[in-house]
Amino acid sequence: MKLIAIYGPPGVGKLTVAKELAKITGYKVLHNHLTVDLVGSVFEHGSSIYKKLIRRYRTDLLEEAAKAGIEGVIFTFIYRDDKETNDVLNGTEARLRKLGVKTFFVHLYCDKGTLYKRLVRKSRRKFDKIIDVRALEKTYEGYDLFAPLPFAKSIEIDNTDLSPDKVAAKIARICHSGHAMS
Amino acid sequence: MPLRACNVVDAMHKAIIGPYTKLVVLYGPPGVGKLTVAKELAKITGYKVLHNHLTLDFVTSIFGFGAKERCRLVDKYRIDIVREAVRNRIPGLIMTFVYGNTKGDDGFIKRAAKAVEEEGGSVSFCQLYCSRKALESRAKGVSRKRYKKIMSIKKLDALLSGYDLFSPIKSVESYRIDNTDVKSIDAAKAISEHFDL
């Protein structure tokens, strides 16, 4: 299975790009709000049990996908630059690798002004997403949301002036050439 | 269950103070108004709402209709999150559910109830149903677009002819509400009073 893991700040366009990429590749889309909304319905956002269950369900479903022989999954997530997140991501990637999964990390970013404009878009209301700058700053206080993850090489894409379909085509081209980034 | 100190404490807590978590399973055919009633009930009780499409849409992202892993995984995540809710002492949880009177559904109900009770919680069952005509008009409601819900009469018909979606759950006692002419808020009030939530 190929796993294309797209990360970047809220509002940068992860889900939009994921959907475009799914059209090209036929891969499934496991976007971050499926688990955020599920676990958030019962547990307080940001609590330790909340984080634990989100990780548990994401990892578990990805492992099930690998075991079932799914060809490809596009996974979106928000990367927090702390040790705990790095350990978890690293561990998950290694576990999936043992199941034959090739992971490609894609770091999506844009300039701050563009991000703030994208945050308020109407399409974001379907899920329980952050839709204003203040909520963004409060939720991720102390984190650099534009940081690339340190333990693996990412495909770096600045999408400030790049349409979602162009970003998707670029990712598809790189991943199709077959070189896993980890 | 082996007799251990924590089990004794749980049993005493249940007998004296009440269960750690009350789980209300609100079930009925698609479109009957489970989520709407659940939201009203949440306003009255302060309980959390775990509606069926949260787990369903999560699993469906990878395992679509017809995938053989689908039901097993939906059941697995539902039972796990309900168990964790009791373990973490969430006071109350309303879970919406489509019961199709199948062996799989009965097995799920049994395992979910067992998980909750093992952790010191209690389970109540409430069935919502309405006339076929009311169901068809509700299925087209705009509020249903947010999740991957059934919105066409054709799909609803196919589902209703394939499954017995108006049947109460066989193995347990349910509080039944015909909500054909009952407002969601009144249904919620009735449930809250009936189970003393």
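Residues numbered from 1 in each chain as written. Chains lettered and ligands numbered in written order. Predicted model: local features only at pLDDT ≥ 70, side-chain atom pairs only at ≥ 80, totals over all residues. Heavy atoms only, no water.

Trainee: An account of the interface of chain A and chain B is requested, with residue identities and associated values reported.
Mentor: How big an interface is tends to be stated in terms of the accessible area lost upon association of its parts. If you look at the interface, chain A gives 26 residues, while chain B gives 24 residues. The junction of chain A with chain B conceals about 2200 Å² of combined surface from both sides, 65% of it contributed by carbon and sulfur atoms. Contact with chain B buries area across many residues of chain A, yet L38, V42 and L61 of chain A alone supply 27% of it, more than any other trio. Scanning the region where chain A abuts chain B turns up 5 salt bridges. A salt bridge links K76 of chain B to E64 of chain A; the nearest nitrogen and oxygen atoms lie 2.9 Å apart. Where chain A meets chain B, there are 9 residue pairs in polar contact (both at pLDDT 80 or more). Going through the elements one at a time, β2 (28-30), α2 (32-40) and α3 (48-67) of chain A are the ones with two or more residues in the side of chain A that touches chain B. Sort the elements by how many residues they give to the side of chain A that touches chain B and α3 of chain A lands first, with 9 residues. Classifying every residue of the side of chain A that touches chain B by side-chain character gives 16 nonpolar, 2 polar and 8 charged. (Contact = heavy atoms within 4.5 Å. Buried area = accessible area lost by both parts, 1.4 Å probe. Salt bridge = Lys/Arg side-chain N within 4 Å of Asp/Glu carboxyl O. Polar contact = N/O pair within 3.5 Å; in protein donor to acceptor, adjacent residues only side chain to side chain. Helix = DSSP H or I, 4+ residues; strand = E, 2+ residues; numbered from the N terminus. Nonpolar A, V, L, I, M, F, W, Y, C, P; charged D, E, K, R; others polar.)

Trainee: So what about the sheet that holds strand β3 (residues 92-97) of chain B? Which residues, and what values?
Mentor: Residues and elements named next belong to chain B. Across the sheet, which stays open at both edges, the 5 strands sit in the order β2-β3-β1-β4-β5 with parallel pairing between neighbours. Two strands close off the open sheet at either side, each with one partner strand: β2 (48-50) and β5 (175-178). For this sheet the average axis-to-axis angle between neighbouring strands, irrespective of direction, equals 20 degrees. Two elements, strand β1 (residues 22-27) and strand β4 (residues 122-129), share 6 bridges in a ladder whose sense is parallel. Bridge pairing links L26 to C126 in β4. Sheet contacts for helix α2 (residues 34-45): β1, β2, β3 and β4; angle to β3, the most-contacted strand, approximately 175 degrees. Lying on the sheet, helix α5 (residues 103-118) is in contact with β1, β3 and β4; it crosses β4 at an angle near 145 degrees. (Pairing = 2+ DSSP bridges. Axes fitted to C-alpha atoms, helices over the stretch in contact; angles between N-to-C directions.)

Trainee: Outline α3 of chain A, listing residues and values.
Mentor: With 20 residues, α3 of chain A should cover 28 Å at 1.5 Å per step; its first-to-last C-alpha distance of 28 Å lies within 8% of that length. Directly after α3 of chain A, the chain includes G69 of chain A, whose backbone phi takes a positive value near 75 degrees. (Expected span 1.5 Å × (residues − 1).)

Trainee: Could you give an account of the packing of aromatic side chains, naming the residues involved and the relevant values?
Mentor: Tallied over the entire structure, the rule returns 9 aromatic pairs over all chains. Measuring from ring centre to ring centre gives 5.4 Å for Y7 of chain A and F77 of chain A, while their planes differ by 35 degrees; the resulting arrangement is tilted. With Y7 of chain A in strand β1 (residues 2-7) and F77 of chain A in strand β3 (residues 72-77), the pair connects residues that are 70 residues apart, well separated along the chain. Comparing Y7 of chain A with F77 of chain A shows no difference in burial state: the two are buried. An angle of 65 degrees between the planes, with centres 5.5 Å apart, marks the rings of Y57 of chain A and Y77 of chain B as edge-to-face. Taken together, the residues Y57 of chain A in helix α3 and Y77 of chain B in helix α4 (residues 70-87) connect one chain to another. We classify Y77 of chain B as buried; its relative accessible area is 2%. Here the aromatic residues Y7, F75, F77 and Y79 of chain A are joined through ring pairs into a cluster of three or more. (Phe/Tyr/Trp six-rings, centres within 6.5 Å; stacked < 30°, edge-to-face > 60°. Buried < 20%, exposed > 50% of the residue type's maximum accessible area, 1.4 Å probe, protein only.)

Trainee: Let's hear about the pattern of salt bridges: which residues, and what values?
Mentor: Tallied over the entire structure, the rule returns 21 salt bridges over all chains. D60 of chain A is paired through a salt bridge with K76 of chain B; the nearest N and O atoms lie 2.6 Å apart. Of this pair, D60 of chain A sits in helix α3 while K76 of chain B sits in helix α4, each in a different chain. Classification of K76 of chain B by relative accessible area gives partly exposed; the value is 29%.

Trainee: I'd like to hear about the sheet that holds β3 of chain A, residue by residue, with values.
Mentor: Strand pairs in the sheet, formed through backbone hydrogen bonds, run parallel or antiparallel to each other. Residue and element names in this part refer to chain A. One open sheet accounts for 5 strands, arranged β2-β3-β1-β4-β5; its pairing is parallel. The sheet is open, and its two edges are formed by β2 and β5 (154-158), each paired on a single side. If you compare each strand with its neighbour and ignore which way they point, the axes differ by 20 degrees on average. Each of β1, β2 and β3 is contacted by α3, which is oriented at about 170 degrees to β3, the strand it contacts most.

Trainee: Describe the confidence of the model for chain B, with residues and values.
Mentor: Residues shown with low pLDDT carry predicted positions that ought not to be read at fine detail. Residue and element names in this part refer to chain B. Taken as a whole, chain B shows an average pLDDT of 91; of its residues, 95% reach a score of 70 or greater. Helix α1 (residues 5-16) is the least confidently modelled element of chain B, averaging 70 in pLDDT, while β5 averages 98, the highest of any element. The complex model carries a pTM of 0.90, and its ipTM stands at 0.91. (pLDDT = per-residue confidence, 0-100.)

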